[in-house]
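Okay, here's what each chain looks like letter by letter:
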Amino acid sequence: MEQKKRGSFTGSIGFVLAAAGSAVGLGNLWRFPYLAAKDGGGLFLVVYIILALTFGFALMTTEIAIGRKTGKSCIDAYGMIDKDFKFLGPIAFIIPFVIFPYYCVIGGWVMKYAYAFVTGAGMSTVADGYFGSFITAQWSPIFWCAVFMFISALVVFFGVEKGIEKFSKVLMPLLCVIIVGIAVFSCTVSDPESGRSAIDGLKIYLIPNFDGLTIGKFFRILLDAMGQLFYSMSLAMGIMITYGSYSRKDTNLVKSVNQIEIFDTAIAVIAGFIMIPTVFTFMGSKGLESAGPSLLFVSMPQVFKAMGPVVGGIVGSFFFVLVIFAALTSSVSLMETIASMVMDKFGLKRKLTTLIVLIASAIIALVTCLGYNVWYFEVTLPNGSTAQILDILDYFTNNLLMPIVALITCILIGWVAGSKSVIDEVKLNGEKFGREGLYKVMVKYIAPICLILILISSFGVFSKL
Ligand code: PHE
């Protein structure tokens, strides 16, 4: 078996856009605005931004530097930093391999909604129980998931430069234009019937709300922000290590990390300018209580319906196309991470690897789809929520494996290999590392504590706060 030459981004713009493409995903759109509305508006925003500049910055710098230093995906990268940490590679492999298939199932739902809006049938998605009956139907979700997965595979098939970089360079600017356009429109809506307007929603979003703030509640906000940040920046999925391994040695890592973080946070904040004013205007504060699939697939279509068939149809179409773009660039990064590990480990060629990963992932995705009908069951998770197959996979990776992998990574760099191993890579070409002191403290002490708290909260320990 011949080892293929490793792919590489052509320059720092390609690298930053691809990494930002991974970071900007469903989390930015369906969770960030919900948390902001729930956790005191401007208060949450400030907490989130401070954490991004400290906690997020430290973890992302660590992962990208490990990737570039070793030139490997995470299956080998940890072991190359310290051979006692080789065991982390296979654990980290599991994460994208589990997430990718179910992310494609959700991506398929988004495609179906985009299709419905673009073809003018979008208003039917508002009917009571539409979402439930769609995902529990047997064939349609499988079909749309297959389409979504196939597009992701096609991009990975063409490689880092001709596939991922090109794809991100087209989709990410388009995504920015669409999201800003819809956000500007969203800030002008009003509903004569209820007398509410976008301004009322913006107040909830932007003005810090200290009402009833206790230490416990503040701690809860901090935890929400940390968990969201961690997921939103695509950390501990092996993605940033893989993309780091494709970045060129002359890329300025500090600058790139800043740009990726600013991109991701800006898109999340702008998503808030879409969701909060529109949902509040047309549905009132009750509407702001939903997050995740119900926000995207139940509340938003209702908002579009309230805008009227023409305006709602157009805005809804752009909106779901935007969600497709966000989800696709994230799923591509997941599939590439898996493919990269398979190529590293078995020395297979990219095209064959893509096919193997596609088939294996399709099987898991199929099982996930069937978890809503043929193999339907419900279990209660340790955090108290009821779950089907998709939720179980999500819980297992997001709440358990990812914080564990990130925590062990911090121990590896902060305590075993030493933060110098990352700092030297960051300053390889004599670059200035402005937050070097902060980085050392973060990776050794503060980030591990934050990660332990995220892990403990997965068991619902702090839910009463
Ligand atoms: N960062 C993504 C988001 O905010 C999360 C993600 C990335 C999920 C890549 C899957 C794959 O939605």
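Each value, and the rule that gives it
- Residues numbered from 1 in each chain as written.
- Predicted model: local features only at pLDDT ≥ 70, side-chain atom pairs only at ≥ 80, totals over all residues.
- Heavy atoms only, no water.
- Helix = DSSP H or I, 4+ residues; strand = E, 2+ residues; numbered from the N terminus.
- Rg over C-alpha atoms; globule rule 2.2 N^0.38 Å.
- Buried < 20%, exposed > 50% of the residue type's maximum accessible area, 1.4 Å probe, protein only.
- Contact = heavy atoms within 4.5 Å.
- Lys, Arg positive; Asp, Glu negative; His and termini not counted.
- Charge placed at Lys NZ, Arg CZ, Asp CG, Glu CD.
- Near = heavy atom within 4 Å.
- Polar contact = N/O pair within 3.5 Å; in protein donor to acceptor, adjacent residues only side chain to side chain.
- Areas by Shrake-Rupley, 256 points an atom, 1.4 Å probe, with all protein chains shown as cover.
- 1 Å grid on protein atoms, 1.4 Å probe; cavity = no way out; pocket = protein on both sides within 12 Å on 5 of 7 lines; lining within 4 Å.
- Sits in = over half its atoms within 2 Å of the grid points.
- Nonpolar A, V, L, I, M, F, W, Y, C, P; charged D, E, K, R; others polar.
- Points joined across faces, edges and corners; volume = space filled by probe spheres on them.
- Core = buried A, V, L, I, M, F, W, Y, C linked by side-chain atoms within 4.5 Å.
- Patch = residues over 30% accessible without salt bridge, like charges linked within 9 Å, V, L, I, M, F, W, Y side chains within 5 Å.
- Salt bridge = Lys/Arg side-chain N within 4 Å of Asp/Glu carboxyl O.

Engineer: So what exactly am I meant to see when it comes to the overall build of the protein here?
Structural biologist: A tally of helices and strands in the protein yields 19 helices and four strands. For 465 residues, the compact-globule estimate of 2.2 N^0.38 gives 23 Å, and the C-alpha radius of gyration of the protein, at 21 Å, lies within 12% of that figure. Dimensions of the protein, computed from the C-alpha atoms along their principal axes, are close to 65 × 50 × 40 Å. Counting across all 465 residues of the protein, residues that qualify as buried make up 59%. The contacts of the protein with a sequence gap of at least 6 include a subset with a gap of at least 24, amounting to 81%. Counting 34 positive and 27 negative side-chain charges, the protein places the averaged centre of each group 6 Å from the other.

Engineer: Explain the site of the ligand to me, please; I cannot follow it from the model alone.
Structural biologist: Around the ligand, a shell composed of 15 residues is seen, among which A23, L26, G27, N28 and S232 lie nearest. Residue A23 places a main-chain N or O atom 2.8 Å away from a nitrogen atom belonging to the ligand. Take S234: an N or O atom from its side chain is 3.2 Å from a nitrogen atom of the ligand. Protein chains shield 100% of the accessible area of the ligand, which is 320 Å² for the free molecule. A majority-of-atoms criterion places the ligand in the largest cavity. For the shell around the ligand, the elements supplying multiple residues, two or more each, are α1 (12–23), α2 (26–30), α11 (215–232) and α15 (309–346). Grouping the amino acids of the shell around the ligand by side-chain chemistry returns seven nonpolar, eight polar and no charged.

Engineer: Where do I start with the layout of surface pockets in this structure?
Structural biologist: Remark: the empty space left among the atoms is shown by a probe the size of a water molecule rolled over them. A volume near 1300 Å³ is recorded for the largest pocket. As for the largest pocket, its lining consists of 41 residues, of which R31, N383, S385, D394 and N399 are closest to the centre. Only α2, α3 (32–38), α6 (88–118), α7 (130–136), α11, α14 (292–306), α17 (389–417) and α19 (436–457) provide two or more residues apiece to the lining of the largest pocket. Here the lining of the largest pocket takes seven residues from α11, the largest share from any one element. A breakdown of the residues in the lining of the largest pocket according to their chemical character gives 21 nonpolar, 14 polar and six charged.

Engineer: I tried to follow the nonpolar core on my own but got confused; where do I start?
Structural biologist: Soluble, globular proteins show a tendency: their nonpolar side chains are buried together. Counting 166 residues, the largest nonpolar core has F55, W109, F230, F319 and F320 as its most contacted members. Leaving out residues up to four positions away in the same chain, F319 has contacts with I182, I274, M275, L296, M300 and F304.

Engineer: Help me understand a nonpolar patch on the surface, please; the structure alone is not making it clear to me.
Structural biologist: A grouping of L352, L355, I356, I359, I363, V367, V374 and W375 is seen on the molecular surface, where their side chains present a nonpolar patch of about 730 Å² in accessible area. By the secondary structure assignment, I356 is in helix α16 (residues 350–370).

Engineer: How should I be thinking about the side chain of E261 in this particular structure?
Structural biologist: Residue placement: E261 occurs in helix α13 (residues 253–287). Here E261 sits buried without a salt bridge, and the closest side chain of opposite charge, R435, lies 5.1 Å off (N-O distance). When near neighbours in sequence (up to four residues on either side) are disregarded, E261 contacts A52, L53, G56, F57, M60 and M233.

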